[in-house]
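Here is what each chain is made of, one letter per residue.
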Amino acid sequence: MTVTAGASGSPGAAKARRRRREAGLGFLLIAPALVIFSVFVFFPFAKNFELALYRNPPFPGLPSKFVGLQQIGDVLGSSDFRHSLWVTVLFALLTVPAGILLGLLLAQLANQRLRGMAIYRTIFASTVATSVAVASVIFGTLMNPQVGLLPWLGIHPTPAILDNPTWALPAVALATIWQTLGLSFILMSAGLQAVPEDVLEAAQVDGASAPMRFWRVTIPLLSPTIFFTAVVGSIFAFQTFGQIDLLTRGGPQNKTNVLTYFIVTELHDHQNPGTAAVLSIALFLITLALTLLQLRFLERRVHYAR
Amino acid sequence: MPRRLWQISASLAISAALITTVLPGLAGAATPRAAGAPACPVNALQKVSSPVQITMWHQFPRANEQAIQKLTDQFNSSQNKVHVTLVNQTTYQDLFNKYVAGLSTGDLPDVAQIEDEGLQQMIDTRSVLPVQSCIKADHYTELSDFLDRAVRYYTVKGVLWAMPFNVSAPVLYYNKKAFTKAGLDPNQPPQTLDQIKADSQKLKASGAVTQAGFGLKDDPWYFQQWLAKTNNTFVNNGNGRNGRATQVTLNNATGQASFAWMADMVKGGLAVTNDYLNPSSALNNLLGVGNGNLGMTIDSSADLGTILQVLQSGQYPNVDLGVGTLPSPPGSGGFRVGGAALYISAKSSPQKQAAAWQYLKFLNSAASQAQFAVDTGYIPNRKSAVTVPALQTRWAQVPGFRVAYDELLNGAGNAASAGPVFGDYLGVRQAIVDAEGPMFTGTTSPKAALAAAISKANSVLAAYNSRVGG
Amino acid sequence: MTDTALLLERPVPAAQEPAPARHRTWRLLGRYALLSVLAFIVLFPIYITIVNSLLPAPQIAAQPPKFFPSQPIWSTYQKAWVGGHFGRYLLNSAVVTTIIVVGQLLTAILAGYAFAFLRFPLKRFLFVAFLATLMIPFEVTVVQNLTTVVDLGIYNTYAGLAVPFLATGFGAFLMRQAFLGVPRDLEDAAALDGFGRWRFLWRVAVPLSRPAIAALGVFAFLTAWNQYLWPLLVTKDEHLRTVQIGLRQLRNTSLDQVNVTFAGVIIAVIPLAILLLVFQKQLIRGLTAGAVKG
């Protein structure tokens, strides 16, 4: 497609040579990234396929024992794994749609021609500057049953929010939504500002009300942005680790034990690289499947304007 | 698009499989090293001309970090054969993770500070030079002056593996003003679990506290203490000291009573509870006592120093802090130590090992222990440290500092009060805390919770043991 | 894609239904009120953290809570600076982050260009392999990577801190999408002018994709700046450590120092906040590049 048809030279040989050179350049250009991925992503990940087949000692120097598929079956068949997967899905459902909706709401509101709007935009985007660690410290304090705010407002469930089997996961989700709100706002603003003015004006001339214009014109034109955010957001939601580590450590009663946290505790708390390997492969395949599903079902509804 | 992705993911999987088979295997297990304690080269420093550089990993936060740095500076300037550099690895867990990683990468310290329950796993790393070897080689005779409980804790099958250093024990913290307001004697803190309950009822009924009488940090450490006090071990095989622990030993009167009491307190609204594992709520109960929400709580004696600093700022006019002996079911047993110990690496050179031993001896001298106790609030692990004037002055000013020390002197010294040795310790802790959760919300009975804790903890022990080939 | 960028500067006009002037004023006030309430909610967690960083530690748990520090204690920032070793750690974070950002931009631009403009065998397979790297959390590979870094002899160096992050699937994906937005006829024109592919990339494609590059740069910065586990594992001594480790050391906190932890949080955020203010516009433009083209 990029090779211009009109180029001169003896047709067959020259074309083949150009093709080869193009391919060579292609490989050359992707080589730096490919080398990094091979060494630091593919290679260590591939090791999981081997680790999964062995019962591994907690510390190096002790013998490993080949157990074939047994460990894989044990881990994937365990209620711990099913529970963790469910928690992960729940967490993604709590964070991804809410994040998109809130980002869209703020973006729509900030997309007005008003004096001082730049300040509001900066504020709405501000949480991008925080990190998971920062958001965790902040919300850990805000939701603390002894520190100021909540008891003052008369909110003190027993057990306290982050120790509460019912509320811990929504609480971590809330911190996550806040932390990613800036990003969601930026993404949605970018999408909104790309909606052509003339289309909206035409709709207005046709007598469409403001809500109708929003649902019938803006949302369809925004669907690629929403789609992109949903796909990437889900992938990241499935890899949630930091806020769990800092706010709940997977508790209470494993109610916030998402897959990535589960993997890390197997690896670091229990020094069990075998089960961690099985879980890592499972997480990868599940994320891949989820992405494919989204591509298949969500993308159908996406309206590509151009 | 999706079909394309399927094809590609299939080929991805194939290539991953290819990479696995082509690349060199990881399984190649090294031959296990011969068991039996290696010798400690205590004389390796004799011919040293310039100071031997050694590194210690620790996890002390701020004020305590300054205290250990002060001691280390004193050591470095007191002689010219050894120079110690401290590296702060932020938390016990991060430190241990980095240590385990170091077993593969070779980046290990010469001395590592590992929390109490890491003992079994440290032994299993086969990377430790037991200090017993150095004691023998150096004809070190001061061990008899150490707190017996501290030495027993780190001794397995007659071998002392690590030098106890920062020793602590749980104590009761309570607000004397709230006690007075509730009509209780502020100088008679509860001594048993039943008395905690009775006092909590009065605290709450009188309005002396706004939330609950008692803040229960759900830490299995306290539960272990109650077992020890009633002469029960926590795990079998002599608390893991005669042979590898294979089962927890919780199904006894103390185990049942403790679970029932905890559930009763929380469900009855007499206690609030929080998971000790949760870093965001670690200080909740102490804060609660401070702001009048709670009347008392149990926490580590190591916290007393900073608590006093806060109180001295005058921001808590309604708090007059009392420190009481850890309440427990009545029994003739004793409490076990908490805190951490210092391990010498077997992978270090003879000179560095000898240097590490000199450093550990210094840190555990009576003078050093007294100074560290004054600076931090940790329990001095030398009996003669108690006669050092600075510590005597400190204890006279704040008698609360002495409470934890006395706890460790009292009661029978046996396998139960020596404390348990087992792996993996985080897994067992987690199993117990997870099992307790539902009984606090009333989803299960304390009996069922105890049964769940036992079965989960046993499977954790079995899984770990099978992986170390025990 | 270029028209997207142009449109950004022109917000969609507010609907202009005919209404009496008085109504319009009320509506305007209503809009500002709503915006302000939302801005307050978004900012409140950060505000209360700043307040807490300036309060005496015991007052953080006071009832009723303090919403304004009557006698701010600025010394908490000095304590956090010392306790979190921020002088040294901020410098390290800046060095490592810069290496990572530059590296990621380079690898992403090169790979993105190859995937957008060139034909070569296994292209689709390789592209999805790049995407697949997004689905493997770094935590999963961290132990093996540590061994690799030791074997490569870059343990306890800036290189060891940075090298594993010099390429990301996200970056290659984003740059490919951005380059796909460069009009084809520009490439043809460049070819006629005798531009080689290399010159076309740097003289035409890259300048046209500046917003995406800026966005990627900011993202690379944020993720690199916020790393904790890897810097802790891959450094031997304290002089190579980074900001988040300092923050963790402050978090491993004792009762009297809660306010210092909050001061540390604010210190760690400030560089990011400055970055955001400078790059906000580019960020918004760049992200559309990934989104709009499917």
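For every chain, the first residue of the written sequence is number 1, and numbering continues from 1 onward in sequence order. Chain A is the first chain written and ligand 1 is the first ligand written, with later ones labelled in order. Totals for whole chains, interfaces and linings use all residues, but because this is a predicted model, local features are given only for residues with pLDDT of at least 70 and pairs of side-chain atoms are given and counted only at 80 or more.

A separate point is the overall build of chain A. The helix and strand inventory of chain A stands at 12 helices and two strands. Working definition: helices are DSSP H or I runs of at least four residues, strands are E runs of at least two. Numbering for both runs from the N terminus. Order of helices (α) and strands (β) in chain A, N terminus to C terminus: α-β-β-α-α-α-α-α-α-α-α-α-α-α. At 25 Å, chain A has a C-alpha radius of gyration far larger than the 19 Å of a compact globule built from 306 residues. Taking all 306 residues of chain A together, 53% fall into the buried category. Whether two residues are in contact depends on their C-beta atoms, placed from the backbone: they are in contact if these lie within 7 Å. Considering only contacts in chain A between residues 6 or more positions apart, those separated by 24 or more positions represent 70%. The globule rule is 2.2 Å times the number of residues to the power 0.38, and the radius of gyration it is compared with is taken over C-alpha atoms. Exposure criterion: with C-beta atoms placed from backbone coordinates, a residue whose C-beta has 20 or more other C-beta atoms within 10 Å is buried, one with 12 or fewer is exposed, and one in between is partly exposed.

Turning our eyes to something else, we now look at the overall build of chain B. Of the regular secondary structure elements, chain B holds 20 helices and 13 strands. The C-alpha atoms of chain B give a radius of gyration of 24 Å, which matches the 23 Å a tight globule of 470 residues would have. Long-range pairs, those at least 24 residues apart, make up 77% of the contacts in chain B with a sequence separation of at least 6.

Turning next to the nonpolar core. Ranked by internal contacts, the top residues of the largest apolar core, which has 318 residues, are Trp161 and Tyr343 of chain B together with Ala111 and Phe130 of chain C. Looking at which element gives the most residues to this core, the answer is helix 7 (residues 168–193) of chain A, with 16 residues. Tyr343 of chain B has contacts with Val111, Ala112, Ile114, Met122, Val128 and Ala162 of chain B, leaving out every residue within four places of it along the chain. Take the buried Ala, Val, Leu, Ile, Met, Phe, Trp, Tyr and Cys residues, join any whose C-beta atoms are within 7 Å, and the set you get is a nonpolar core.

Below, the discussion takes up the interface of chain A and chain C. Contacts between the two partners involve 81 residues from chain A and, on the opposite side, 82 residues from chain C. In terms of residue count, the dominant contributor to the side of chain A that touches chain C is helix 1 (residues 11–51) of chain A (17 residues). Its residues placed into classes, the side of chain A that touches chain C shows 55 nonpolar, 22 polar and four charged. Note that Gly is not counted as nonpolar here; it falls among the polar residues with everything else outside the nonpolar set of Ala, Val, Leu, Ile, Met, Phe, Trp, Tyr, Cys and Pro and the charged set of Asp, Glu, Lys and Arg.

This brings us to the sheet that holds strand 9 (residues 212–218) of chain B. All names here are of chain B. By this definition, two strands are paired if DSSP reports at least two bridges between them. With mixed pairing, the five strands of this open sheet are ordered in space as 10-9-11-8-12. The sheet terminates laterally at strand 10 (271–275) and strand 12 (321–324), the two strands that pair on one side only. The mean inter-strand angle of the sheet, taken between neighbouring strand axes irrespective of direction, is 25°. Across three bridges, strand 9 lies against strand 11 (residues 294–300) in parallel orientation. Following the sheet pairing, Gly215 is matched in strand 11 by Thr297. Structural elements are reduced to axes, namely lines fitted to C-alpha atoms, with helices fitted over the stretch in contact, and the angle between N-to-C directions of any two is expressed from 0 to 180 degrees. Contacts from helix 11 (residues 253–267) reach strand 9 and strand 10 within the one sheet, and its direction differs from that of strand 9 by about 130°.

The next thing to look at is the interface of chain A and chain B. Tallying the contact residues gives 45 residues for chain A and 49 residues for chain B. No other element matches the six residues that helix 1 of chain A contributes to the side of chain A that touches chain B. Here the side of chain A that touches chain B is built from residues that sort into 23 nonpolar, 15 polar and seven charged.

Residue and element names in this part refer to chain B. Per-residue confidence from the predictor is reported as pLDDT, a score between 0 and 100. A residue-level look at chain B finds 92% of positions with pLDDT of 70 or above and a mean pLDDT of 89. Here residues 1–6 is modelled with pLDDT under 50, and outside its nearest four sequence neighbours on either side it reaches eight contacts, counting other chains as well. Ignoring residues within four places in sequence, the model shows residues 10–35, a span with pLDDT below 50, making 26 contacts including any to other chains. ipTM for the predicted complex: 0.84, alongside a pTM of 0.87.

Our next topic: helix 9 (residues 210–237) of chain A. To estimate the expected span of a helix, count its residues, drop one, and scale the result by 1.5 Å. Given a rise of 1.5 Å per residue, 28 residues ought to cover 40 Å, yet the end C-alpha atoms of helix 9 of chain A are separated by just 33 Å, more than 12% below that figure. The largest bend in helix 9 of chain A comes to about 50°, at Ser223 of chain A, with the proline Pro224 of chain A one to four residues further on. The term bend refers to the angle at a residue between two fitted axes, each drawn through seven residues, those ending there and those starting there.

Residues and elements named next belong to chain B. Orientation of helix 2 (residues 62–78) relative to helix 15 (residues 366–376), taken along the N-to-C sense of each, is 160°, at an axis distance of 9 Å. With respect to their mutual orientation, helix 2 and helix 15 come out roughly antiparallel. Of the two possible hands of crossing, helix 2 and helix 15 adopt the one that is right-handed. Taking contact as the criterion, the partners of Asn64, Ala67 and Leu71 in helix 2 are, on helix 15, Ser368, Gln371, Phe372, Asp375 and Thr376. Considered class by class, the residues forming the contact of helix 2 with helix 15 number three nonpolar, four polar and one charged. Working rule for angles: under 35 degrees goes down as roughly parallel, over 145 as roughly antiparallel, 65 to 115 as roughly perpendicular, anything else as oblique. Handedness of each helix crossing follows the sense of rotation of the near helix against the far helix: counterclockwise by less than a right angle gives left-handed, clockwise gives right-handed.

A few words now on the confidence of the model for chain A. Residues and elements named next belong to chain A. In this model, chain A carries an average pLDDT of 87, and 94% of its residues clear a pLDDT of 70 or more. Within chain A, the lowest mean pLDDT, 79, falls on helix 6 (residues 149–152), and the highest, 95, falls on helix 3 (residues 79–110). Here residues 1–8 is modelled with pLDDT under 50, and outside its nearest four sequence neighbours on either side it reaches seven contacts, counting other chains as well.

Let us now look at helix 13 (residues 243–251) of chain C. Residue pairs three or four apart in sequence face the same way in an α-helix, which turns once every 3.6 residues. The element helix 13 of chain C is extensively covered by neighbouring structure, given that nine of its nine residues are classed as buried. Turning to helix 13 of chain C, its buried residues number three or more, namely Val243, Gln244, Ile245, Gly246, Leu247, Arg248, Gln249, Leu250 and Arg251 of chain C.

With that out of the way, let us pick up the pairing of strand 11 of chain B. Looking along a regular strand, one sees the side chains alternate between the two faces of the sheet. Residue and element names in this part refer to chain B. The buried fraction of strand 11 is high, at six of seven residues. Looking at chain direction, strand 8 (residues 170–175) and strand 11 are connected through five bridges and run antiparallel. If you follow Tyr174 over to strand 11, its bridge partner there is Met296.

Now for the environment of Gly314 of chain B. All names here are of chain B. Checked against the element boundaries, Gly314 lands in the loop between helix 13 (304–312) and strand 12. The class for Gly314 is exposed, based on 9 C-beta atoms found within 10 Å. For Gly314 and Pro329, which are 15 residues apart along the polypeptide, the C-alpha to C-alpha distance reads 36 Å.

This part is about unusual backbone geometry. One can expect most non-glycine residues to show negative phi and most peptide bonds to be in trans. Of note, the bond from Gly423 of chain B into Asp424 of chain B is cis; its omega dihedral lies within 30 degrees of zero at -5°. Tracing the backbone shows Asp424 of chain B in the loop between helix 18 (415–418) and helix 19 (425–440). At Thr90 of chain B, a position not held by glycine, the phi torsion is positive, near 70°. By the secondary structure assignment, Thr90 of chain B is in the loop between strand 2 (82–88) and helix 3 (92–105). Unlike most non-glycine residues, Asn156 of chain C shows phi in positive territory, near 60°. Owing to 17 C-beta atoms within 10 Å, Asn156 of chain C belongs among the partly exposed residues under this scheme.

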